[in-house]
Amino acid sequence: GLGAAAAAPTALGVIAAIASGVGSLGVIGRLRRLVVGHTHEAGHRVIGEFYRSLGVAGDTADRINEFVLQFGSVLTLTRDGEDYRRLHFAHHEEANLGTLRDPDGRDLFSWGIWPTLDRWPLWAKLVTTALDPVWHAEMLLGRLIANTTTGGRARRAAARVVIFALVGAAAVLPFPV
């Protein structure tokens, strides 16, 4: 009767929440693949080389590569593709790896995450950093500033569109608590 009808929206809500969670993991996984896979490889100019191997003209292959680099970085609001390429190559130099000459190493050091920490203090620092809203706010602000001030005019405009879409979606989508 009435009890079952009242319980139905709750059960449906739980199913919807689970489906949404699983779907979100898929989206996050694809975005991660875009950054760690495609954008990273475009930073190394691998995408262009791939298209050249298929017989695509060099200039066209280069434009495809640069599009993937810029599109991937703007869609995920990460570093401008050219900045990423410039900084990332220093990361791959073996002598720099795990040092302050490594851009990633400098970031980790600035966050207090460094190999000189013992195992448990390192894990504690990783967890507290991951849960720190101030750290996340600073990272987000840095990404927003970088995406609206670096790169070409088209890239900055695309970043503004992505930011507008994210803010607009957050403003109109319900977030039940």
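Keep in mind the model is a prediction, meaning the values are calculated, not measured.

Observations concerning the nonpolar core
No. 1: Core analysis: the biggest nonpolar cluster contains five residues, these being A42, I47, V68, L69 and Y84.
No. 2: Beyond its immediate chain neighbours, meaning those up to four positions away, I47 contacts H38, E41, A42, I64, N65 and V68.

Looking at the packing of helix α4 (residues 81–92) against helix α5 (residues 103–110)
No. 1: α5 packs onto α4 with a crossing angle of 90 degrees between their chain directions and a minimal axis gap of 7 Å. By the angle between their directions, the pair α4 and α5 is classed as roughly perpendicular. Residues L87, A90 and H91 of α4 pack against P103, D104 and R106 of α5.
No. 2: Classifying every residue of the contact of α4 with α5 gives three nonpolar, one polar and two charged.

Let's talk about the packing of aromatic side chains
No. 1: With the rule as written, the count across this model stands at three aromatic pairs.
No. 2: Between F50 and Y51, the ring centres sit 5.2 Å apart and the planes meet at 80 degrees, which makes this aromatic pair edge-to-face.
No. 3: A relative accessible area of 46% means that F50 is categorised as partly exposed.
No. 4: Considering the side-chain rings of W111 and W135, the 5.2 Å spacing of their centres and the 85 degrees angle between planes classify their relative orientation as edge-to-face. Taken as a pair, W111 in the loop between α5 and α6 (119–130) and W135 in helix α7 (residues 133–149) lie far apart in primary sequence, 24 residues in all.

Points about the environment of D80
No. 1: Residue position: D80 is located in the loop between α3 (58–75) and α4.
No. 2: Overall, D80 belongs to the buried group, its relative accessible area being 5%.
No. 3: Along the sequence, D80 and L69 sit 11 residues apart, while their C-alpha atoms lie 8.4 Å from each other.
No. 4: When sequence neighbours within four positions are dropped, the list of residues in contact with D80 reads Q70, S73, T150, G151 and R155.

Here we look at the pattern of salt bridges
No. 1: The full count for this structure, using the stated rule, is three salt bridges.
No. 2: Between D62 and R52 there is a salt bridge, with its nearest N and O atoms 2.4 Å apart. Taken as a pair, D62 in helix α3 and R52 in helix α2 (residues 46–53) lie far apart in primary sequence, 10 residues in all.
No. 3: In this structure R52 comes out as partly exposed when scored by relative accessible area, which is 30%.
No. 4: Put simply, R85 and E66 hold a salt bridge, and the shortest N to O gap is 2.8 Å. Of this pair, R85 sits in helix α4 while E66 sits in helix α3, and the two are 19 residues apart along the sequence.
No. 5: According to the relative accessible area criterion, R85 is buried, its value standing at 5%.
No. 6: For E66, a relative accessible area of 25% puts it in the partly exposed group.

Rules used in this analysis
- Residues numbered from 1 in each chain as written.
- Predicted model: local features only at pLDDT ≥ 70, side-chain atom pairs only at ≥ 80, totals over all residues.
- Heavy atoms only, no water.
- Core = buried A, V, L, I, M, F, W, Y, C linked by side-chain atoms within 4.5 Å.
- Buried < 20%, exposed > 50% of the residue type's maximum accessible area, 1.4 Å probe, protein only.
- Contact = heavy atoms within 4.5 Å.
- Axes fitted to C-alpha atoms, helices over the stretch in contact; angles between N-to-C directions.
- Helix = DSSP H or I, 4+ residues; strand = E, 2+ residues; numbered from the N terminus.
- Parallel < 35°, antiparallel > 145°, perpendicular 65-115°, else oblique.
- Nonpolar A, V, L, I, M, F, W, Y, C, P; charged D, E, K, R; others polar.
- Phe/Tyr/Trp six-rings, centres within 6.5 Å; stacked < 30°, edge-to-face > 60°.
- Salt bridge = Lys/Arg side-chain N within 4 Å of Asp/Glu carboxyl O.

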